Amino acid sequence: MEFDGRESLAMGTKASWISFEKGSFSDVTIEEKKREDEKTPQRRCLCCRGNGKKVDLLRFVVVDGVICFDLRKKLPGRGYYVCAQRHCIEKAFANGFKRVLKRDPSSLGSDAEAFIASVVLPGLRKRYTELLQSGYASHQLLIGSDSVEEAAKSDALGCYILATDASESTKKKYRLNAQRKGLPCVGLFDRAFYGQLFGKSDKVVLGWLRGSLCESFMPIEAAIRRLEGIREDNEMASDEGEG
């Protein structure tokens, strides 16, 4: 018995994009946000038994006796959900998948660390780049400080993305802007990566417009951060503010 990194059967399916015009947003009340969260599909982690949003958990299915990581959560069959945390994936290997497969987990032919490194993280990084490219093609991803700042002024921005090798002054500026507006400020790669991804020169500042692509992107970013042990930029912004 072994793990398979095969992806969702629906990987070629096109998603429908939502276009947002400048000034078209209205404030969302706490009550509305709570009702929206209540409508969000929830799933229970196979290991810690905690409930979480479906989009935030990793999905696995058994296909032909093999545990498959369902990156896009579209593979047929019963899904088994695991928190995107190392300790939950380790528990899945120690016991959780044993209950699913009804056999000794030592026969799975892999371990948690190897599985995370060879299957889960490569899949998440691939999805990360796919979403960025789709966002750029559909004009939901903004590139460059001017367009990002204009969207922020009109409350159209959903998320800041900064290259990891941005200058300290740039990082401080955008992290504080994100704090003031209550927006995420993320970024996993350097300026060369973001530039090459779009066939351009180095890019330091990017941003998502609010919408379905931004909402799909954030859980992927967060999962990669947790599994790689990368500290959240918003936490660092808080530390800078306290200093």
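Residues numbered from 1 in each chain as written. Predicted model: local features only at pLDDT ≥ 70, side-chain atom pairs only at ≥ 80, totals over all residues. Heavy atoms only, no water.

Enquirer: Could you clarify how one ought to interpret the overall build of the chain in this entry?
Expert: The secondary structure content of the chain amounts to eight helices and ten strands. Expressed as a percentage of its 243 residues, the buried residues of the chain come to 42%. For the chain, restricting intrachain contacts to residue pairs at least 6 apart in sequence, the fraction spanning at least 24 positions comes to 70%. Working note: accessible area of the chain is about 12,900 Å², and carbon and sulfur atoms make up 48% of it. (Helix = DSSP H or I, 4+ residues; strand = E, 2+ residues; numbered from the N terminus. Buried < 20%, exposed > 50% of the residue type's maximum accessible area, 1.4 Å probe, protein only. Contact = heavy atoms within 4.5 Å. Areas by Shrake-Rupley, 256 points an atom, 1.4 Å probe, with all protein chains shown as cover.)

Enquirer: Looking at this structure, how should I read the layout of surface pockets?
Expert: By rolling a water-sized probe across the atoms, one finds the places where empty space is left. When its volume is computed, the second largest pocket comes out at roughly 180 Å³. Around the second largest pocket, the lining residues are Arg44, Leu46, Arg49, Arg78, Gly79, Tyr80, Tyr81, Arg99 and Val100. Partitioning the lining of the second largest pocket into residue classes produces four nonpolar, one polar and four charged. (1 Å grid on protein atoms, 1.4 Å probe; cavity = no way out; pocket = protein on both sides within 12 Å on 5 of 7 lines; lining within 4 Å. Points joined across faces, edges and corners; volume = space filled by probe spheres on them. Nonpolar A, V, L, I, M, F, W, Y, C, P; charged D, E, K, R; others polar.)

Enquirer: Just checking my understanding: could you explain the packing of aromatic side chains for this structure?
Expert: To describe a pair of aromatic rings, one takes the distance between the centres and the angle between the planes. Tallied over the full model, the rule gives 13 aromatic pairs. With 4.9 Å between their ring centres and 40° between their planes, Tyr128 and Phe217 make a pair best called tilted. In this pair, Tyr128 sits in helix H3 (residues 112-137) while Phe217 sits in helix H7 (residues 212-228), placing the two residues 89 residues apart along the sequence. By the burial criterion, Tyr128 is buried, and Phe217 matches it. (Phe/Tyr/Trp six-rings, centres within 6.5 Å; stacked < 30°, edge-to-face > 60°.)

Enquirer: In this structure, what is going on with helix H2 (residues 86-101)? I would like to understand it.
Expert: Remark: the principal bend of H2, roughly 55°, maps to Phe93. Those residues of H2 lying buried are Cys88, Ile89, Ala92, Phe93, Gly96, Phe97, Val100 and Leu101. Following H2 by one or two positions, Lys102 adopts a phi angle in the positive range, close to 55°. (Bend = angle between axes of the 7 residues up to and from the residue.)

Enquirer: I'm lost on the sheet that holds strand S10 (residues 205-209) in this one. Help?
Expert: Strand pairing in a sheet takes place through backbone hydrogen bonds and is either antiparallel or parallel in direction. The strand order across the open sheet built from four strands is S7-S10-S8-S9, with neighbouring strands paired in mixed fashion. Looking at which strands have only one partner, the edges of the open sheet turn out to be strand S7 (141-143) and strand S9 (185-186). Pairing of S7 with S10, which is carried by three bridges, proceeds in the antiparallel orientation. Along S10, the bridge assignment pairs Leu142 with Gly207. Its contacts with the sheet place helix H5 (residues 168-181) against strand S8 (157-162), S9 and S10, and it is angled at close to 160° to S8. (Pairing = 2+ DSSP bridges. Axes fitted to C-alpha atoms, helices over the stretch in contact; angles between N-to-C directions.)

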